[in-house]
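Letter by letter, the chains look like this.
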Amino acid sequence: MSYQPVKFYQTGTFTVGNRLLPPDVRTVQSTQRRTNSLNSGHRACQGCGEALGARFAMDAAMEASERKLIAANATGCLEVFSTPYPETSWQIPWIHSVFGNTAAVATGIAAALKVKGRTDVRVVAQGGDGGTTDIGFGCLSGMFERNDDVLFICYDNEAYMNTGVQRSSATPAAARTATTMAVGSEPGNVFGQGKNVPAIAMAHEIPYVATATVADLHDLEAKVKTAMGMRGARYIHILVPCPLGWGHASHDTIRIARLAKETGLFPVFEAAHGELTSVSRIRHQHAVEDYLRPQKRFAHLFGDPPRRDVIDHLQALADRNIRRYGLLDAKESV
Amino acid sequence: MLKQIEGSRAVAEAVALCRPEVICAYPISPQTHIVEGLGEMVKRGALAPCEFINVESEFAAMSVAIGASAAGARAYTATASQGLLFMAEAVFNASGLGLPIVMTVANRAIGAPINIWNDHTDAMSQRDCGWIQLFAETNQEALDLHIQAFRLGEELSLPVMVCMDGFILTHAYERVDMPTQAQVDAYLPPYVPRQSLDPAEPVSIGAMVGPEAFMEVRYLAHVKQMRALELIPGWAEEFRRAFGRDSGGLLHSYRTEDAELVIVALGSVLGTIKDTVDAMRERGVRIGVLGITCFRPWPQEAVRAALAQAKQVLVLEKSLAVGLGGIVSNNVRTSYAGAAQAVRTVIAGLGGRPISRASLERVFAQALDGTLDPVTFLDLDRGLVERALAREREARRSGPIAENILRDLGVVGARIS
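Residues numbered from 1 in each chain as written. Chains lettered and ligands numbered in written order. Predicted model: local features only at pLDDT ≥ 70, side-chain atom pairs only at ≥ 80, totals over all residues.

## Topic: the overall build of chain B
Put simply, the rule reads: Secondary structure elements are defined from DSSP: runs of H or I of at least 4 residues count as helices, runs of E of at least 2 residues count as strands, and each element is numbered from the N terminus. Exposed residues have 12 or fewer other C-beta atoms within 10 Å of their own C-beta, buried residues have 20 or more, and residues in between are partly exposed; the C-beta atoms are placed from the backbone. A pair of residues counts as a contact when their C-beta atoms, built from backbone coordinates, are separated by no more than 7 Å.
In terms of regular secondary structure, chain B is built from 15 helices and 16 strands. Counting only C-alpha atoms, chain B reaches 70 × 55 × 55 Å along its principal axes. Residues classed as buried in chain B amount to 51% of the 417 residues present. Sequence separation of 24 or more characterises 78% of the internal contacts of chain B that already satisfy a separation of 6 or more.

## Side note on the overall build of chain A
The following threshold applies: Values of the radius of gyration come from C-alpha atoms, whereas the globule rule sets the reference at 2.2 Å times the count of residues to the power 0.38.
When you go through chain A residue by residue, the secondary structure sums to eleven helices and eight strands. Relative to the 2.2 N^0.38 estimate, which gives 20 Å for 334 residues, the radius of gyration of chain A is 19 Å and therefore close to what a compact globule would have. Principal axes of the C-alpha set define a box for chain A whose edges measure 65 × 40 × 40 Å. When each of the 334 residues of chain A is scored for burial, the buried share is 55%. Here the contacts in chain A between residues at least 6 apart in sequence split such that 69% fall between residues at least 24 apart.

## Points about the nonpolar core
Our working definition: When buried Ala, Val, Leu, Ile, Met, Phe, Trp, Tyr and Cys residues are joined through C-beta atoms within 7 Å, the set is termed a nonpolar core. A domain assignment, automatic or from a database, supplies the domain bounds used here.
Core analysis: the largest hydrophobic core is formed by 230 residues, its most contacted members being Ala61(A), Ile109(A), Ile238(A), Val22(B), Val64(B), Ala65(B) and Val162(B). No fewer than three residues from each of domain 1 (2-243) and domain 2 (251-377) of chain B sit in this core.

## Comments concerning helix H1 (residues 49-64) of chain A
This is how the line gets drawn: Take the residue count of a helix, subtract one, and multiply by 1.5 Å to get its expected span.
For H1(A), which comprises 16 residues, the first-to-last C-alpha distance of 22 Å matches the rise-based estimate of 22 Å (1.5 Å per residue) to within 8%. Burial analysis of H1(A) places 16 of its 16 residues in the buried class, which makes it a mostly covered element.

## Some thoughts on the packing of helix H7 (residues 139-156) of chain B against helix H9 (residues 214-243) of chain B
Axis angle and axis distance: for two packed helices, these are the angle between their axes and the distance between the axes, and together they describe the pair. Residue and element names in this part refer to chain B. As a reminder of what qualifies: Note on definitions: angles span 0 to 180 degrees between N-to-C directions of axes, and those axes are lines fitted to C-alpha atoms, for helices only across the stretch in contact. Roughly parallel here means an angle under 35 degrees, roughly antiparallel means over 145, roughly perpendicular means 65 to 115, and every remaining angle is called oblique. Here a crossing is taken to be left-handed if its near helix is turned anticlockwise relative to the far helix by less than a right angle, and right-handed if that turn runs clockwise. When residue character is reported, Ala, Val, Leu, Ile, Met, Phe, Trp, Tyr, Cys and Pro are called nonpolar, Asp, Glu, Lys and Arg charged, and the others, Gly included, polar.
In the contact formed by H7 and H9, the axes pass within 10 Å of each other and the chain directions differ by 135°. Considering their axes alone, H7 and H9 lie oblique with respect to each other. Read as a crossing pair, H7 and H9 show a hand that is right-handed. Seen from H7, the contacting residues are Asp144, Gln148, Arg151, Leu152, Glu155 and Leu156; seen from H9, they are Lys224, Arg227, Ala228, Leu231, Ile232, Trp235, Phe239 and Phe243. When grouped by side-chain class, the residues that make up the contact of H7 with H9 number eight nonpolar, one polar and five charged.

## Re the pairing of strand S14 (residues 312-317) of chain B
Residues and elements named next belong to chain B. Selection criterion: Should DSSP find at least two bridges between two strands, the strands are regarded as paired. Handedness is read with the strands pointing away from the viewer; a crossover is right-handed when the path from the first strand over the helix to the second is clockwise.
Among the six residues in S14, six count as buried, and that is most of the element. Of the two faces of S14, the one holding Gln312, Leu314 and Leu316 and the one holding Val313, Val315 and Glu317 are both buried throughout. Bridging between strand S11 (residues 261-265) and S14 involves four bridges; their strand directions are parallel. Across the sheet, the residue bridging to Leu261 is Gln312, located in S14. Here five bridges tie S14 to strand S15 (residues 343-347), and the two strands are oriented parallel to one another. Following the sheet pairing, Glu317 is matched in S15 by Ile347. Running through helix H12 (residues 328-333), the crossover from S14 to the neighbouring parallel element S15 is right-handed.

## With respect to the interface of chain B and chain A
At the junction of the two partners, chain B supplies 35 residues and chain A supplies 37 residues. At the level of secondary structure, the elements contributing two or more residues to the side of chain B that touches chain A comprise strand S3 (51-54), helix H3 (58-70), helix H5 (88-96) and strand S9 (204-205) of chain B. The dominant element in the side of chain B that touches chain A, judged by the number of residues it contributes, is H3(B), at nine residues. Split by residue class, the side of chain B that touches chain A holds 23 nonpolar, seven polar and five charged. Note that strand S2 (residues 94-96) of chain A and S9(B) share two bridges and pair parallel. Within S9(B), the position partnered with Trp94(A) by the bridge is Ser204(B).

## Details of the confidence of the model for chain B
Applicable threshold: Confidence of the predictor at the level of single residues is given by pLDDT, which spans 0 to 100.
Model confidence for chain B is summarised by a mean pLDDT of 96, while 98% of its residues fall at 70 or above. Both confidence scores are given for the complex: pTM 0.96, ipTM 0.95.

## Description of the packing of helix H14 (residues 382-394) of chain B against helix H15 (residues 401-409) of chain B
Residue and element names in this part refer to chain B. Interhelical geometry of H14 versus H15 gives an angle of 125° and a closest axis separation of 10 Å. One way to sum up the angle between H14 and H15 is to call them oblique. Handedness of the crossing formed by H14 with H15: right-handed. The residues of H15 that touch H14, namely those facing Leu384, Arg387, Ala388 and Arg391, are Ile401, Asn404, Ile405, Asp408 and Leu409. Classifying every residue of the contact of H14 with H15 by side-chain character gives five nonpolar, one polar and three charged.

## Overview of the sheet that holds strand S5 (residues 208-213) of chain A
Reading across the sheet, the nine strands line up as S8(A)-S7(A)-S5(A)-S6(A)-S4(A)-S3(A)-S1(A)-S2(A)-S9(B) and stay open at both edges, with mixed pairing between neighbours. The sheet terminates laterally at strand S8 (275-279) of chain A together with S9 of chain B, the two strands that pair on one side only. Here S5(A) pairs with strand S6 (residues 234-239) of chain A via six bridges, running parallel. Within S6(A), the residue paired with Thr213(A) across the bridge is Leu239(A).

## Some details on the sheet that holds strand S2 (residues 22-25) of chain B
Here seven strands make up an open sheet; going across it, the order is S3-S2-S4-S5-S7-S6-S13 (chain B) and the pairing mixed. With partners counted over all chains shown, the strands left at the sheet margins are S3 and strand S13 (294-296) of chain B, one partner each. Across the sheet, the mean angle from the axis of one strand to that of its neighbour is 20°, orientation sign disregarded. Bridging between strand S6 (residues 132-135) of chain B and S13(B) involves two bridges; their strand directions are antiparallel. Note on S13(B): the bridge partner recorded for Gln133(B) is Arg296(B). Taken strand by strand, helix H3 (residues 102-115) of chain A contacts S2 and S3 of chain B, and its axis lies near 155° from that of S3(B). The strands touched by helix H2 (residues 32-44) of chain B within the sheet are S2, S3, strand S4 (75-79) and strand S5 (102-107) of chain B, with S2(B) carrying the most contacts at an inclination of about 135°.

## Some details on H2(B)
Residues and elements named next belong to chain B. Taking 1.5 Å per residue as the helical rise, H2 with its 13 residues ought to reach 18 Å, and the 18 Å between its terminal C-alpha atoms agrees with that figure. Taken as a whole, H2 has its buried residues at His33, Ile34, Val35, Gly37, Leu38, Met41 and Val42. In the core, the buried residues of H2 are packed alongside strand S1 (2-6), helix H1 (7-17), S2, S3, S4 and S5. In the segment just after H2, Gly45 is the residue with positive phi, at about 90°.

## Looking at the environment of Ile168(B)
Residue and element names in this part refer to chain B. Within the secondary structure layout, Ile168 lies in the loop between strand S7 (160-165) and strand S8 (173-177). Sequence-wise, Ile168 and Ser268 are 100 residues apart; in three dimensions their C-alpha atoms are separated by 7.3 Å. Ignoring sequence-local partners within four residues, the contact set of Ile168 consists of Asn118 and Ser268.

## Points about unusual backbone geometry
The residue after Asp304(A), namely Pro305(A), is reached through a cis peptide bond having omega 5°. Secondary-structure assignment places Pro305(A) in the loop between helix H10 (288-292) and helix H11 (308-325). Following Ala112(B), the chain continues into Pro113(B) via a peptide bond in cis, with omega recorded as 0°. Summarising the element assignment, Pro113(B) is placed in the loop between S5 and helix H6 (121-125). One non-glycine residue with positive phi stands out, namely Ala174(A), at about 75°. Position of Ala174(A) among the secondary structure elements: in the loop between strand S4 (151-156) and helix H6 (197-203). Even without a glycine there, the phi angle at Arg19(B) is positive, about 55°. In this structure, Arg19(B) sits in the loop between H1 and S2.

If you want it as structure tokens, here you go:
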């Protein structure tokens, strides 16, 4: 376990102000050492979870690599809002090739660095859920199985947001998107579909797999640093709420991300070589309804009458995660 | 050093002499022997430092090459046919980013129907992708073009495709003169990229470019290709002085001095055409050959000059623009000062159909006496086509076309007669 959760309750939330922490456990982001890898002034929407996640992840990776970092980026929101040329928000060497090949481009960069004897320079690949779980999946799996020296970070906002909120294989059941419309007898995305890429990454038995959310940025930074301390293929899957696509208030991004974890819908864990090594336990369990209700993409579940059956089905999925990952186990995470 | 080796092996050894740093390999016939040869050399340590990466698709092969080249490494891969199409998005991206990757295309037909044999459909499908496209006539030229390709691509920051006929060249054992490492080192300086992903000097590569600058970026790609037209002849000359061989360049004219009819073609079929022309010349026919080595950029002025005396032009091409006719012919027409109808198209050798001297002599004679159609399909079996069309007239559910034709032919699978 690379990160010891610190419990401060006086703020009334789980937020831990960095000023309350000893300097050595503060986030990179809270220090003057932060590199602003993804600099301010980009064009992400207000409350964008992806921008927040990328900023923390890249600065943590910069810190861990002693500022010797190269990033490959998939097509998508992150690419579009950060590089409307001649403006670029990236203060690190950064390349965007196409939508589906980011992991392979990163493999190529890593190979070039190895040939050049520059193994001090590290490589990160990043993309959204579409560029990871769908169109980029072949190249991602190839990079994993060859155990190439690349950290791949997926910023999962559970749909194709850049093109206008269409379903991806990371879209949750019942969610409304532009291609899983909230109409008909079973509105929203269907049950029984979708791809659990963290689990698939684990099946490749790569050195490190972790999930995280933008609700716990200490945990996110710690996982990036852990990953950067290793060689070979590594994967971090970060849940990043999207106010535009999910239909929640832009000031609720952190709260929604926290509820995803606290309901059990999004299990937060670490794994090494295919084995689960730590789990972030639920601290205050919420019913899935608390997570679903603030999001317009689930509004069709709360009409008159509400779709209790669908809500119960989603609760059952959360309960399965809780059982499967031991999210409510009394003992401290392993 | 003279060697009697397979064309693929010759290319592998030539690429090895160019000191590649990252090689991406994905198997597809008829290219596979090339990367097998290189993989063996890398594994043995003969090319160190060099990374040989077994990727999961051609799309990944080109993408790994993109990453490697952007990080400053000399990158190489090889493909053919379906593989080239599968990587097409990354092929365009590599040229758009200005990355001097060198790729061998072992030319092969595109399905359906699936067919592993030689024609030029694969390379022609990518003719406007922004890569320089060179076509080899012989294994010696294929070998030499790879050495020139790295130099050309790296000078211009453009990727280069070296096209060689699948099986006809890749699998043929022929004598080649393999240069020495010292010769290649003297001709090909180490790769110094114009742009590189470097933490000491961070840049963003591959940003979103809108209408305000996209035209200019594309135009500059065109300018670079035009620049290649100026550089290639000089470098071919330099190559001739350094290696003692006339290889590469924009095009090769053969017996065109007083020719009334000039045959234009690309690749290995030029050998058969030259034999045919020699025979016809002996009978006093004024016929010559123009071999196009550099197809992209299109050597507009050089072709115009080479065809200046020709009264008629016959373009023999191993690809088909379905619904139009010839692809190479349309390029030739833009470079021919005479009447457009004087440029005739002969589609030949699709899917590995043999191109015989007898058939060539027949269409050349027809061209000379003015009886050749504007677009002709060499050795097309009209009977088979008529039966297929009749079947479609007779029944709505006439079934799969290719399989029906094979049944008409009475063969179990595709064959080369």
